[in-house]
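In case you want the letters, here they are:
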Amino acid sequence: SQQGEEDPQALSIQEGENATMNCSYKTSINNLQWYRQNSGRGLVHLILIRSNEREKHSGRLRVTLDTSKKSSSLLITASRAADTASYFCATDDQGGKLIFGQGTELSVKP
Amino acid sequence: DAGVIQSPRHEVTEMGQEVTLRCKPISGHNSLFWYRQTMMRGLELLIYFNNNVPIDDSGMPEDRFSAKMPNASFSTLKIQPSEPRDSAVYFCASSLGETDTQYFGPGTRLTVL
């Protein structure tokens, strides 16, 4: 079963709007990471949040982590057409490797 | 610094042929991962190495798949014999440690006819 699962599977918004994606996981983690994948490319690391952190910012990205609910959210503010991509969360499983979710496909319309 | 390097970028082969995918991780990284991505199954971890030693190969679909890491700067993923259902994009990634940030290569798009 998936350690990390994103929600929604697909999201379509207008440029300038905020985009929120959620990730739920099942077991205890040391950290949770978010990645982006542009079509036809490899995944690119966006941000890492540790289990003892509740919120982290990087530019227009804001990540929150609620370990009691085993969930995280990625907020992209003032979205741009260039933000169109798939976004994945990844959590470390008990076995010491990262498990990626199925991803959220974000489409930002100009 | 160069990122993760994969070759070839594209491979088209016929069913039954042997396919070898290559990966050069980022210098100094201790962990290397092979993934497969398809529309149907998403991103799947096939195998990963730590300090050149295979740690978890539970994602390798079957005996037709094998992976090696003879040294810290090179790894191969081999499919023999290849089948049409192996068509996918194969990514290699490396990281300092097993659960640290992973840096992905550009991928190899494999098409098996």
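This report concerns the structure included in the present document. (Residues numbered from 1 in each chain as written. Chains lettered and ligands numbered in written order. Predicted model: local features only at pLDDT ≥ 70, side-chain atom pairs only at ≥ 80, totals over all residues. Heavy atoms only, no water.)

Let us look at the overall build of chain A. Broken down by element type, chain A carries zero helices and eleven strands. When the helices and strands of chain A are read in sequence order from the N terminus, they spell out β-β-β-β-β-β-β-β-β-β-β. The C-alpha radius of gyration of chain A comes to 13 Å, within 12% of the 13 Å expected for a compact globule of 110 residues. With respect to the three principal axes, the spread of C-alpha positions in chain A is 40 × 25 × 20 Å. Counting all 110 residues of chain A, 46% fall into the buried class. Expressed as a percentage of contacts within chain A between residues at least 6 apart in sequence, the contacts between residues at least 24 apart total 54%. By element, 43% of the accessible surface of chain A is carried by carbon and sulfur atoms, the whole surface being about 5,300 Å². Within chain A, one finds 13 positive and 12 negative side-chain charges whose respective centroids are separated by 4 Å. (Helix = DSSP H or I, 4+ residues; strand = E, 2+ residues; numbered from the N terminus. Rg over C-alpha atoms; globule rule 2.2 N^0.38 Å. Buried < 20%, exposed > 50% of the residue type's maximum accessible area, 1.4 Å probe, protein only. Contact = heavy atoms within 4.5 Å. Areas by Shrake-Rupley, 256 points an atom, 1.4 Å probe, with all protein chains shown as cover. Lys, Arg positive; Asp, Glu negative; His and termini not counted. Charge placed at Lys NZ, Arg CZ, Asp CG, Glu CD.)

This paragraph deals with the state of the cysteines. Residue and element names in this part refer to chain A. The final tally for this structure, using the stated rule, is two disulfides over all chains. Bridging cysteine 23 to cysteine 89, the disulfide has an S-S length of 2.0 Å. Negative torsions about the S-S bond denote left-handed disulfides, and the value of about 65° found for cysteine 23 with cysteine 89 makes this one right-handed. Of the two residues, cysteine 23 is situated in strand S3 (residues 19-25) and cysteine 89 in strand S9 (residues 85-92); the sequence distance between them amounts to 66 residues. The two residues cysteine 23 and cysteine 89 agree in class, both being buried. (Disulfide = S-S within 2.5 Å.)

On to the interface of chain B and chain A. Bring the parts together and some accessible area is lost; that lost area is often taken as the interface size. Taken together, the 18 residues of chain B in the interface contact 18 residues of chain A. In total, chain B and chain A occlude about 1,400 Å² of area from one another, counting both sides; carbon and sulfur atoms represent 52% of this. The interface formed by chain B and chain A contains zero salt bridges. Going through the elements one at a time, strand S4 (31-38) and strand S5 (42-50) of chain B are the ones with two or more residues in the side of chain B that touches chain A. Per-element tally for the side of chain B that touches chain A: the top contributor is S5(B), with four residues. When its residues are assigned to classes, the side of chain B that touches chain A shows seven nonpolar, six polar and five charged. (Buried area = accessible area lost by both parts, 1.4 Å probe. Salt bridge = Lys/Arg side-chain N within 4 Å of Asp/Glu carboxyl O. Nonpolar A, V, L, I, M, F, W, Y, C, P; charged D, E, K, R; others polar.)

Evaluation of the coordinates by the stated rule reveals eight aromatic pairs over all chains. Centre to centre, the rings of A:Phe100 and B:Tyr35 are 5.5 Å apart; their planes meet at 90°, and the pair counts as edge-to-face. Residue A:Phe100 is found in strand S10 (residues 98-100), and its partner B:Tyr35 is found in strand S4; the two belong to separate chains. For A:Phe100, a relative accessible area of 4% gives the class buried. Using a relative accessible area of 1% as the deciding quantity, one classes B:Tyr35 as buried. Every member of this aromatic cluster is reached through a ring pair, and the members are A:Tyr35, A:Phe100, B:Phe33, B:Tyr35, B:Tyr48, B:Phe91 and B:Phe104. (Phe/Tyr/Trp six-rings, centres within 6.5 Å; stacked < 30°, edge-to-face > 60°.)

With that settled, the discussion passes to the sheet that holds strand S7 (residues 65-71) of chain B. All names here are of chain B. Ordered by their spatial adjacency, four strands build an open sheet running S1-S3-S8-S7, and the pairing between neighbours is antiparallel. Every other strand in the sheet has two partners, leaving strand S1 (5-7) and S7 as the edge strands with one partner each. On average, each strand axis in the sheet is inclined to that of its neighbour by 15°, with strand direction left out of account. When S7 meets strand S8 (residues 74-79), the two strands line up antiparallel, connected through five bridges. What sits directly across from asparagine 71, in S8, is phenylalanine 74. (Pairing = 2+ DSSP bridges. Axes fitted to C-alpha atoms, helices over the stretch in contact; angles between N-to-C directions.)

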